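Fold and geometry: a report
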Amino acid sequence: MIDNIIQNNGFNIALSGIIVVFAGLILIAVTIHLFNKIFERLHRQPETAVSPTDNPQSVSAKKVLQLADDELVAIATAIEIYRKIHFETLQTQITFKRGEQQPVWKSGQKYGQRLNINKRT
Amino acid sequence: MIDNIIQNNGFNIALSGIIVVFAGLILIAVTIHLFNKIFERLHRQPETAVSPTDNPQSVSAKKVLQLADDELVAIATAIEIYRKIHFETLQTQITFKRGEQQPVWKSGQKYGQRLNINKRT
Amino acid sequence: MIDNIIQNNGFNIALSGIIVVFAGLILIAVTIHLFNKIFERLHRQPETAVSPTDNPQSVSAKKVLQLADDELVAIATAIEIYRKIHFETLQTQITFKRGEQQPVWKSGQKYGQRLNINKRT
Amino acid sequence: MDMILQIIETTGFANLQWGNVIMIVVGCVAIYLAIVKKYEPLLLLPIGFGVIVGNIPYISGLPLGVYDTVANGAPQNSVFSLIYYGVTSGIFPPLIFLGIGAMTDFSSLISNPKSVLLGAAAQVGIFVTYLGALMLGFTNLEAASIGIIGGADGPTSIFLSSQLAPHLLGPIAIAAYSYMALVPLIQPPIMKLLISEKERRIRMKPARRVSSREKILFPIIVVIVAALIAPGSLPLVGMLMLGNLLKESGVTDRLSKTAGNSLLNICTILLSFAVGASTQASRYVDGINVGFLTPKALGIFFLGLFSFSIATFGGLVFAKFMNLFLKEKINPLIGAAGVSAVPDSARVVQHFARQYDKDNYLLFHAMAPNVAGVIGSAIAAGVFIAIFR
Amino acid sequence: MDMILQIIETTGFANLQWGNVIMIVVGCVAIYLAIVKKYEPLLLLPIGFGVIVGNIPYISGLPLGVYDTVANGAPQNSVFSLIYYGVTSGIFPPLIFLGIGAMTDFSSLISNPKSVLLGAAAQVGIFVTYLGALMLGFTNLEAASIGIIGGADGPTSIFLSSQLAPHLLGPIAIAAYSYMALVPLIQPPIMKLLISEKERRIRMKPARRVSSREKILFPIIVVIVAALIAPGSLPLVGMLMLGNLLKESGVTDRLSKTAGNSLLNICTILLSFAVGASTQASRYVDGINVGFLTPKALGIFFLGLFSFSIATFGGLVFAKFMNLFLKEKINPLIGAAGVSAVPDSARVVQHFARQYDKDNYLLFHAMAPNVAGVIGSAIAAGVFIAIFR
Amino acid sequence: MDMILQIIETTGFANLQWGNVIMIVVGCVAIYLAIVKKYEPLLLLPIGFGVIVGNIPYISGLPLGVYDTVANGAPQNSVFSLIYYGVTSGIFPPLIFLGIGAMTDFSSLISNPKSVLLGAAAQVGIFVTYLGALMLGFTNLEAASIGIIGGADGPTSIFLSSQLAPHLLGPIAIAAYSYMALVPLIQPPIMKLLISEKERRIRMKPARRVSSREKILFPIIVVIVAALIAPGSLPLVGMLMLGNLLKESGVTDRLSKTAGNSLLNICTILLSFAVGASTQASRYVDGINVGFLTPKALGIFFLGLFSFSIATFGGLVFAKFMNLFLKEKINPLIGAAGVSAVPDSARVVQHFARQYDKDNYLLFHAMAPNVAGVIGSAIAAGVFIAIFR
Ligand code: NA
Ligand code: NA
Ligand code: NA
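About the thresholds
Residue positions are counted from 1 within each chain, in the order its sequence is given. Labels are handed out in written order, letters beginning with A for the chains and numbers beginning with 1 for the ligands. The predicted origin of the model limits local features to residues at a pLDDT of at least 70 and limits the giving and counting of side-chain atom pairs to 80 or more, whereas totals for whole chains, interfaces and linings rest on all residues. The side-chain figures draw on all heavy atoms in the structure; neither hydrogens nor water molecules are used. A helix here means a DSSP run of H or I that spans at least four residues, while a strand means a run of E at least two residues long, and both kinds are numbered starting from the N terminus. Accessibility here uses a 1.4 Å probe with only protein chains present; expressed as a share of the type maximum, an area under 20% marks a residue as buried, one over 50% as exposed, and anything in between as partly exposed. The contact criterion used throughout is that any non-hydrogen atoms of two residues lie within 4.5 Å. The copies are overlaid by a least-squares fit using only the C-alpha atoms of residues whose pLDDT is at least 70 in both copies. In short, buried area is how much 1.4 Å probe accessible area vanishes from two parts on joining, totalled over both. For this document, the term salt bridge refers to a Lys or Arg side-chain nitrogen within 4 Å of an Asp or Glu carboxyl oxygen. Each residue gets one of three labels, nonpolar for Ala, Val, Leu, Ile, Met, Phe, Trp, Tyr, Cys and Pro, charged for Asp, Glu, Lys and Arg, and polar for the others, Gly among them. Here a Phe, Tyr or Trp ring, Trp counted by its six-membered ring, pairs with any other such ring whose centre lies within 6.5 Å, and the pair is stacked when the planes are under 30 degrees apart, edge-to-face when over 60, and tilted otherwise. Two thresholds decide whether a charge sits over a ring: the Lys NZ or Arg CZ must be within 6 Å of the ring centre and within 35 degrees of the ring normal. On a scale of 0 to 100, pLDDT captures the predictor's confidence in every residue. In this analysis a donor is any N, O or S atom within 2.8 Å of a metal ion (3.2 Å for sodium, potassium and calcium), and since water is not included, sites may seem incomplete. Expected span of a helix: the number of residues minus one, times 1.5 Å. Axes are fitted to the seven residues ending at a residue and to the seven starting at it; the angle between these axes is taken as the bend at that residue. Only residues whose relative accessible area exceeds 30% and that form no salt bridge enter a patch; like-charged residues are grouped when within 9 Å of one another, and nonpolar side chains (Val, Leu, Ile, Met, Phe, Trp, Tyr) when within 5 Å. All accessible areas in this document rest on Shrake-Rupley with a 1.4 Å probe, and a residue is counted as covered only by the protein chains that are shown. Any pair of N or O atoms that falls within 3.5 Å is considered a polar contact. Within protein, one atom must be able to donate a hydrogen and the other to accept it, and sequence-neighbouring residues count only if both atoms are side-chain atoms. What counts as an axis is a line fitted to C-alpha atoms, over the stretch in contact for a helix, and the angles between N-to-C directions run from 0 to 180 degrees. Throughout this description, any angle smaller than 35 degrees is read as roughly parallel, any larger than 145 degrees as roughly antiparallel, any in the 65 to 115 degree range as roughly perpendicular, and the remainder as oblique. Note on convention: near helix rotated counterclockwise from far helix by under a right angle means a left-handed crossing. Clockwise means right-handed.

With that settled, consider the overall build of chain A. The helix and strand tally for chain A stands at 4 helices and 0 strands. The helix and strand sequence of chain A, counted from the amino end, reads α-α-α-α. Counting only residues that meet the buried cut, chain A has 45% of its 121 residues in that class. If you take every contact in chain A between residues at least 6 apart in sequence, the share linking residues at least 24 apart comes to 24%.

Next up, the structure:
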């Protein structure tokens, strides 16, 4: 039983293995920690804008506040979908373009593949 | 002409072939039939809940009955989409989870990737 | 330097190459031009119906003109999505069908997988 | 100037033969039918385009065609040969069946198990055509592959040919898909011939609702039974039923969606294109022309039409035969749907029946023999594989 | 009549053995668990179906099973062997990791780097099991592949087995996925044993918000560090982090969506099905039974359970040990999430903790050791590859 | 302790060379440009990540890199080598073209056939660079592969290199994609040099509406003509036009969607990653360093910049030349779009023109030479294949 472990150098391998796993993960943790520190010093005020997806959400949430629940969901979802589709459209339209993900909302008229809902001529 | 069939043992092969096809399909039919019988006896009252996709549809259809047609479509579609997206989200979010497909509708706030439309703080 | 070009017959290859590229593209241009001419003569009045995607857009744009912006977007998007989904549905439902892409809008009740929003029984 | 001449020699113009021109026209016709007549566009369009691409001539030595592999003496496996490998290795058809399974609803069949008999009867077309092919001098392996055209399932035909007679894959596949597209023209005359006006008007009562438990059990039962009877049908039936189980289980939606969408579409594009591109007008192997424009290929096309007719005939006659014993008569027209060609032949049945009774909706009833026919011809393929491998 | 007899000889009925029946029942049980109990349906369902398909018997010579390749003496590479090649070549697991990376949020880990230690500690299960497997007489390569089951990451287990011990791939993969599905049954008793009631109630303060810059840097740092430490982990960690970078960069949405959807789903279906189909009850290579129903496979299942337990044990004990030094105590339960089995073990932690304090939400905190465990076992796999290749 | 030392020997740290560090930094820079500057992120991001992965050192014998195949003496084909096979076999570029075709609108070109001449003129960059490469001492095959960088189409460059000079595939692909990303910096100075202020202000009248019949005929005509002239362009032009036909036919939406989405994205991820991973700083074949950080690779980068400049030059000068004969003048700036780099160079034209006349929208007009340039360089690749294979 134990013989097979010893013959195969098992204890050494197992010990070294777990050491390497710990070493690797600790090194990752330390590196992340260091990077965080460095960036914190460089930019004293880090992004207050937080993650870019949050803002439009809260905005649209506020906008639709006085509507009924069903409509709320309908409109909010529609907007969400709208953004998804047109984000995709932006990138998909032709070959490889630089995926400029500006807020397409309210700048709808530029792109060919959509409804010209604001065109009140 | 016929010689080639006889040399190749064609009639036998063709006959056996069609017999096996019939045998296979009949066996399938019989097995299905038997299973149905067995289950019928085990559970006297089978699922009255019918297929799960029908119910929410009729419900949402009723809900929006007094609205105009356009809005109807908008809201109903939005709900349909909403469910599709969030069903998917549920399963997609992380790796392999147990795909619990509970009705996510009305329990929206739990999941990170959506609009917090009901948050009226 | 130049030796390597001459040894490799470089000038000939380069010249012939650019000639073939021009020949190919010119031939394409000419063929397209000829086809256009031929068709123009055959059918004096070419399609006035223009591209099929434009029409429904302008129609739906008009319809929703008097609504608020948010609802506008919601409804318009919903309709767009609706069409996308049900176009897809049409083709996807069973195996390989002939992809008849008639305007499914307003003929919604026929297909199984959708909300029966117009059923006011 | 020499260089220009040398380049001109490599152009298609210099190597163009009449056969190529004919095939390019054939490709254009296929595309026309696909777009204007809407005959199976998902298949005929890429096939037609493939026929055009496969008949652009090029100087031998360039690795461009589907047959230009290192094994065949090319300096390199051509790109198209790599795609074609998905066909000849037989992997595309089962993957396509996976996707089809993920989109097919077997409720109709489950609610009416009797109708599998119709799906079985139509397979008589396969075996009669097999005999016919033998009569025309084809070998056993070739005859089996040609016979399966009568199964009216493209992937099944391609799969069996890839296993038994890869050299005939092109014409067999094209014949199968062409006649599937032409089902609305082939079947009605036979219906008119065999089914009386009174029979055409028979209405069938609505099928019972099928529980989701039954739908889940169905693919498992089918794969076990079919594969025990004919193990050779495993790749096709197994994948078809895996796809269906993914769909019906309700817990693997994301898998069934991808199987029925991306995966199915990718395989469909590549398979149809490659099959099209394999139809070079003439192609010489050891000095023998094994191209598409040869009497053999014409014979295959003739036998293909024959097999579709016999299959329809078989289904219809067996339906009438069944009615002799049934208390509650079925409309014998649905027997024609047993040839598969899902879902075209089922639609043809519905359309035909409604000419005589506008309110007779047979589509759902016809779907039962329709999908049973898919399983039936997969079993037939399994039988041939078992005998001839 | 002879022909019928000959065909009957080729049917599955004629060749069916008890082992096959047992395995078909096992497959059905897996499907049952997947659908009714919702245990990892995305994996167990296709695996279970694969087990059924893989245990349909057929006469030898027919190229139908996953092992029927030209190299193994079959007349042709079977379709299933081509799919299985995606497993044995080791390409499916990294592609699956690509998709998983494109769907995983590492915020929790980034906001709390300490918790990687818990992900490391749980890997002790791997190495203890490796020793255990050696004790039971497995070779070094086999023992390493068995040990990695304790990593509780299906793709990692399959990848390592495909590189070191392909002949054990079936049982190892099945064991890995089965115990991942059973994590909710395996872990709670060990939690009860080791963690005091007071500890179970420890609340952790909400994590800080992670900037998108950090999220973008994270995959780059991880791949460089992990691969420098253990280059053998490159295929797994590299692809995982590529997927994550595609997601977090915000400029390649269309790529990350496809990676996390179509590509992931296609690879999942094919891998799980092929792994299932590789579990033939008995299979003889050079006269030795290397099938699934052998003592070796049973040993693997025993060792697999053992490794999951040790891993949970390791994570919990190390969490308690860390608390000795931390000013702000962590809830030691989250140590159990270090085994990975993403995200099941993290959920088990949350569920368990809420039994004692209904308002204690540990899920987010448990995700940190959870995903660290994925990286940890990939590094462990890399170490084994470095030593044994 | 010995074991630890042995493991340390296998780590990347022990084998790291300066070249690797430089390349890892290069990879990070590419990722930075992709994310922050948004330069072709769909390509540069996975390429950059691939460069990092490809330059993690590992002890030889481990099958980890893209070049570690059984044919090259590795014990096993590495996972990355399997992915890289999609590049070296030349199959990814045509599949990518299939997807691009399914997303490209050729209306602009159809409505203004004259502008194909501009797409042809810009290909002069290819042939001049070919001569330049010969002058620098490259062989004919290498020179052709380097010249094609001037075609400014990544897939075309990769396809030709894979057929003619696979050992240079890495630097050629990276150069092609890098300069495509830098088109907004390369072209404007040349425009300023050659085009007078007055010319820059020329407005072009709106193009006529193109019927869907024309759009359907276009891909069929192009594939037949282009392939007859240069059969070697079949894999690229054929697939591009198949994709476009799927899109324009209107009856195969589900196929064109998948081709332009899942399939395109999967191939893009795998191709870009594998190309990136093929750039190992130094790599010895028969004692010769054929790595990325060699004078040869630097020469390729220099020639790549040269070819983009010549191509722009060619397009602009030819546009001015055409204006000598045209009654209705074109804005010569659109000649610059003939280099392809779809759609970047067309945008550069629009952006540049609007600096002088805010209401001059040239984008649509510039798309015509832009997409003609794609076809043009595919034909050029076909010519090289015909001559050199
Ligand atoms: Na059939
Ligand atoms: Na793990
Ligand atoms: Na170009």
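Two copies of one chain are present, and they are related through a rotation about an axis combined with an axial shift. Once turned by 120° and shifted 0.0 Å along the axis, chain E lies on chain D with an RMSD of 0.0 Å. Such a combination of rotation and displacement between the chain copies is what one expects of a three-fold axis. Looking at the rotation axis and the C-alpha trace of chain E, the residue lying nearest is E:S262, at 3.7 Å. With a heterologous cut-off of 20% or less, the 2% of interface residues of chain E that recur at the interface of chain D puts this contact in the heterologous class.

All right, on to the interface of chain E and chain D then. Taken together, the 44 residues of chain E in the interface contact 43 residues of chain D. Summed over both partners, the interface of chain E with chain D buries about 3,700 Å², with 81% contributed by carbon and sulfur atoms. It is E:F49, E:V79 and E:I269 that lose the most area in chain E upon contact with chain D, and together they represent 17% of the buried surface on that side. Applying the counting rule to chain E against chain D returns 0 salt bridges. Going through the elements one at a time, helix 1 (2–10), helix 2 (12–15), helix 3 (18–35), helix 4 (41–54), helix 5 (79–88) and helix 17 (253–277) of chain E are the ones with two or more residues in the side of chain E that touches chain D. Considered class by class, the residues forming the side of chain E that touches chain D number 33 nonpolar, 10 polar and 1 charged.

In this section: unusual backbone geometry. Residues and elements named next belong to chain E. Looking along the chain, the bond that leaves V342 and enters P343 is cis, with omega of -10°. In this structure, P343 sits in the loop between helix 18 (295–323) and helix 19 (344–354). Positive phi outside glycine occurs at K38, with the angle close to 55°. Tracing the backbone through its elements, the reader meets K38 in the loop between helix 3 and helix 4. Residue K38 is classed as partly exposed on the basis of its relative accessible area, which comes to 26%. Positive phi, close to 50°, is recorded for A341, a residue that is not glycine. Locating A341 in the fold gives a position in the loop between helix 18 and helix 19.

Our next topic: the packing of aromatic side chains. Within the structure shown, the criterion is met by 42 aromatic pairs over all chains. Look at D:F80 and D:F273: their rings are 5.2 Å apart centre to centre, the planes differ by 70°, and that puts the pair in the edge-to-face class. Of this pair, D:F80 sits in helix 5 (residues 79–88) while D:F273 sits in helix 17 (residues 253–277), placing them 193 residues apart in sequence. For the pair D:F80 and D:F273, one class covers both residues: buried. Taking the centre distance of 6.0 Å and the plane angle of 15° together, the rings of D:F384 and D:F388 count as stacked. With a gap of 4 residues between them, D:F384 and D:F388 both fall in helix 20 (residues 363–388), about one helical turn apart. Of the two residues examined, D:F384 and D:F388, each falls in the buried class. In textbook terms, an aromatic cluster arises when at least three aromatic residues are bridged by ring pairs, as seen for A:F22, E:F318, E:F321 and E:F325. Between the NZ or CZ atom of E:R283 and the centre of the ring of E:Y67, over which it lies, the distance is 3.3 Å. Of note, F:R200 hangs over the ring of F:Y356, and the distance from its end group to the ring centre comes to 4.8 Å.

Burial analysis of helix 11 (residues 154–164) of chain E places 11 of its 11 residues in the buried class, which makes it a mostly covered element. Along helix 11 of chain E, the residues that are buried comprise E:G154, E:P155, E:T156, E:S157, E:I158, E:F159, E:L160, E:S161, E:S162, E:Q163 and E:L164.

Moving on, we get to the environment of D:M23. Tracing the backbone shows D:M23 in helix 3 (residues 18–35). In this structure the C-alpha to C-alpha distance between D:M23 and D:A341, which are 318 residues apart in sequence, comes to 25 Å.

Once that is clear, we can look at the confidence of the model for chain D. For chain D, the average pLDDT comes to 90, and 99% of its residues sit at 70 or higher. Confidence estimates for the predicted assembly give a pTM of 0.85 and an ipTM of 0.82.

All right, on to the coordination of the sodium ion (ligand 2) then. Residue and element names in this part refer to chain E. Only G151 (O), D153 (OD), S340 (OG), G373 (O) and S377 (OG) from the protein coordinate the sodium ion (ligand 2), and they sit 2.1 to 2.7 Å from it. Spacing between the donor residues of the sodium ion (ligand 2) along the chain follows G-x1-D-x186-S-x32-G-x3-S. Taken together, the positions of G151 in the loop between helix 10 (140–147) and helix 11 and S377 in helix 20 (residues 363–388) put the pair 226 residues apart, joining distant regions of the chain. Assessed through its relative accessible area of 0%, S377 is described here as buried.

A few words now on helix 15 (residues 212–229) of chain E. All names here are of chain E. In a regular helix each residue adds 1.5 Å, so 18 residues correspond to 26 Å; helix 15 covers 26 Å between its end C-alpha atoms and thus fits that length. Bending of helix 15 peaks at approximately 25° at the position of F218, with proline P219 no more than four residues after it. With 15 of its 18 residues buried, helix 15 lies for the most part within the structure.

Our next topic: the coordination of the sodium ion (ligand 3). Each pair of donors in an ideal four-coordinate tetrahedral metal site encloses 109.5 degrees, whereas pairs in an ideal six-coordinate octahedral site enclose 90 or 180 degrees. Residues and elements named next belong to chain F. At 2.1 to 2.7 Å from the sodium ion (ligand 3) lie its protein donor atoms, namely G151 (O), D153 (OD), S340 (OG), G373 (O) and S377 (OG). In the primary structure, the donors to the sodium ion (ligand 3) are separated according to the pattern G-x1-D-x186-S-x32-G-x3-S. Taken together, the residues D153 in the loop between helix 10 (140–147) and helix 11 (154–164) and G373 in helix 19 (residues 363–388) connect sequence positions 220 residues apart. Exposure remark for D153: the relative accessible area of 7% places this residue in the buried category. Judged by its relative accessible area of 0%, G373 falls in the buried class.

For the rest of this paragraph, the subject is the environment of E:P231. Tracing the chain through its elements places E:P231 in the loop between helix 15 and helix 16 (234–249). With 204 residues separating them in the primary sequence, E:P231 and E:G27 have C-alpha atoms 37 Å apart. When sequence neighbours within four positions are dropped, the list of residues in contact with E:P231 reads F:T10, F:T11, F:G12, F:P57, F:Y58 and F:L64.

Our next topic: the side chain of D:N20. Within the element layout of this structure, D:N20 appears in helix 3. Filtering out sequence-adjacent residues up to four positions away, D:N20 remains in contact with D:N15, D:N55, D:P57 and D:A281.

Time to look at a nonpolar patch on the surface. A surface patch of nonpolar side chains, about 460 Å² in accessible area, is lined by A:I26, A:V30, A:L34, A:I38 and A:L42. Within the element layout of this structure, A:I26 appears in helix 2 (residues 10–42).

This part takes up the environment of D:S178. Residue and element names in this part refer to chain D. Within the secondary structure, S178 is located in helix 12 (residues 169–181). Taking C-alpha positions, S178 is 31 Å from A71, a pair spaced 107 residues apart along the chain. Reaching out from S178, the side chain makes a polar contact with the backbone oxygen of I174 at a distance of 2.5 Å.

We now examine the confidence of the model for chain A. Residue and element names in this part refer to chain A. For chain A, per-residue confidence averages 57 on the pLDDT scale, and residues scoring 70 or more make up 34% of the total. Averaged pLDDT values over the elements of chain A bottom out at 38 in helix 3 (residues 54–63) and peak at 87 in helix 2. Note on residues 46–67: pLDDT under 50 across the span, and 21 contacts to partners over four residues away in sequence or across chains. With pLDDT under 50 throughout, residues 86–121 is counted as low confidence; its partners more than four residues away or in other chains account for 91 contacts.

Let us now look at the packing of helix 12 of chain D against helix 17 of chain D. Residue and element names in this part refer to chain D. Where helix 12 contacts helix 17, the axes come no closer than 8 Å and their chain directions differ by 120°. Between helix 12 and helix 17, the angle is such that the two are oblique. The hand of the helix 12/helix 17 crossing is left-handed. Taking contact as the criterion, the partners of L169, G170, A173, I174 and Y177 in helix 12 are, on helix 17, L271, V275 and G276. Looking at the contact of helix 12 with helix 17 residue by residue, the classes come out as 6 nonpolar, 2 polar and no charged.

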